[in-house]
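Descriptive structure summary
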Amino acid sequence: MNGASYEVQAEAATPLLYILRNDLNLKGVRFGCGTGHCGSCTVVMDGRAIQSCDTPLWSAAGQEITTVEGLGEAHPLRQAFLDEQAAQCGYCINGILMSAAALLEKNKSPSKNKITEALERHLCRCGTHVRILKAIQRAAGQP
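In short, a report on the structure. Since we're looking at a predicted model, the values are computed, not measured. (Residues numbered from 1 in each chain as written. Predicted model: local features only at pLDDT ≥ 70, side-chain atom pairs only at ≥ 80, totals over all residues. Heavy atoms only, no water.)

**Concerning the packing of aromatic side chains**
What counts here: Each pair of aromatic rings taken from Phe, Tyr and Trp, with Trp reduced to its six-membered ring, is defined by centres within 6.5 Å and is described as stacked if the planes are under 30 degrees apart, edge-to-face if over 60, and tilted in the remaining cases. Lysine NZ or arginine CZ positioned within 6 Å of the ring centre and within 35 degrees of the ring normal marks a charge as sitting over the ring.
Under the definition given, this model contains zero aromatic pairs. Against the face of tyrosine 91 rests arginine 30, its NZ or CZ located 5.5 Å from the ring centre.

Spelled out as structure tokens, the structure:
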């Protein structure tokens, strides 16, 4: 988890989200819908963006997991989101950041369509979608 190892005592079917928030005190991971449809709980597990609310703990054992806290303050996505003023209320942004981080790890210069595809499972009601796309393009070094 974010470069460290943890051992927790919990039922194998416990959602990863509950362990992250309640046991490991990683509050950047948000509870939104609880069914994997809104994206607020997104983390990166072994290079893939996953929804932690519907990921059972047993499937995360031994996996490399990164939460928004693990991105670090100097991550280019963080600065790009600030520069583009891409966050409004902030509830969904952490999950969006994690999907974008997984995308940029695999594809250093994604097209706008690829960015849109990567964010397909995210709901944002604040209306900053255009700024979010611009921020991800900025972090990728695109104009």
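Still more ground to cover, so stick around.
**Some thoughts on the environment of methionine 98**
Heads up, the condition is: We count a stretch as a helix when DSSP gives it H or I for four or more residues in a row; a strand needs E for two or more, and each element gets its number in order from the N terminus. Note on definitions: a residue-residue contact is assigned when non-hydrogen atoms from the two residues lie within 4.5 Å.
On the secondary structure map, methionine 98 appears in helix H5 (residues 93–106). Sequence-distant contacts of methionine 98, that is, excluding residues within four places in its chain, are made with Thr42, Val43, Val44, Thr66, Thr67, Val68 and Leu71.

**A few points about unusual backbone geometry**
Backbone geometry at asparagine 25 places phi at a positive 60°, although glycine is not the residue there. Relative to the elements of secondary structure, asparagine 25 occurs in the loop between helix H1 (16–23) and strand S1 (42–45). For glutamine 85, which is not glycine, the phi torsion reads 50° and is therefore positive. Among the secondary structure elements, glutamine 85 is positioned in the loop between helix H4 (76–83) and H5.

**Focus: the sheet that holds strand S2 (residues 48–51)**
Spelled out, the test is: A pair of strands counts as paired when DSSP detects no fewer than two bridges linking them. For helices, the fitted axis covers only the stretch in contact; all axes are lines through C-alpha atoms, and the angles between them, taken along N-to-C directions, range from 0 to 180 degrees.
Here we have three strands laid out as an open sheet, ordered S2-S1-S3, and antiparallel in their pairing. Each of the sheet's edge strands pairs with one partner strand only, and the pair in question is S2 and strand S3 (65–66). As judged from the four bridges shared by S1 and S2, these two strands associate in the antiparallel manner. Each bridged residue has a counterpart across the sheet, and for methionine 45 the counterpart in S2 is arginine 48. Strands S1, S2 and S3 of the sheet are contacted by H5, whose axis makes an angle of about 30° with S1.

**A look at a nonpolar patch on the surface**
Where we set the bar: Within this analysis, patches are made of residues with over 30% relative accessible area and no salt bridge. Like charges are joined at 9 Å or less; nonpolar side chains (Val, Leu, Ile, Met, Phe, Trp, Tyr) at 5 Å or less. Working definition of accessibility: Shrake-Rupley area with a 1.4 Å probe, residue cover restricted to the visible protein chains. We define a salt bridge as a side-chain nitrogen of Lys or Arg found within 4 Å of a carboxyl oxygen belonging to Asp or Glu. Using a 1.4 Å probe on the protein chains alone, a residue whose accessible area is under 20% of its type maximum counts as buried, one over 50% counts as exposed, and one in between counts as partly exposed.
A grouping of Tyr18, Phe31 and Tyr91 is seen on the molecular surface, where their side chains present a nonpolar patch of about 300 Å² in accessible area. Relative to the elements of secondary structure, tyrosine 91 occurs in the loop between H4 and H5. Look at tyrosine 91 and you get partly exposed, because its relative accessible area is 40%.

**Some words on the nonpolar core**
Rules: Definition of nonpolar core: a set of buried residues of the types Ala, Val, Leu, Ile, Met, Phe, Trp, Tyr and Cys, connected through side-chain atoms within 4.5 Å.
Within the largest apolar cluster, 25 residues are counted, with the highest numbers of intra-cluster contacts made by Leu77, Phe81, Ile132 and Ile136. Contributing elements (two or more residues each) for this core: helix H3 (68–71), H4, H5 and helix H7 (129–139). Sort the elements by how many residues they give to this core and H5 lands first, with nine residues. Not counting the four nearest positions on each side in its chain, leucine 77 is found in contact with Leu97, Ala100, Ala101, Leu104, Ile136 and Ala139.

**A word on the environment of asparagine 94**
Among the structural elements, asparagine 94 can be located in helix H5. Sequence-wise, asparagine 94 and valine 43 are 51 residues apart; in three dimensions their C-alpha atoms are separated by 8.7 Å. Beyond its immediate chain neighbours, meaning those up to four positions away, asparagine 94 contacts Gly28, Arg30 and Val68.

**Some points on the packing of H5 against H7**
The test is simple: Note: crossing handedness is left-handed where the near helix turns anticlockwise from the far helix by less than a right angle, and right-handed where it turns clockwise.
Viewed as axis vectors pointing N to C, H5 and H7 meet at an angle of 35°, and their least axial separation amounts to 11 Å. The element H5 and its partner H7 pack so that their crossing is right-handed. Here Ile93, Ile96, Ala100 and Leu104 of H5 lie close against H7, whose contacting residues are Ile132, Ile136 and Ala139.

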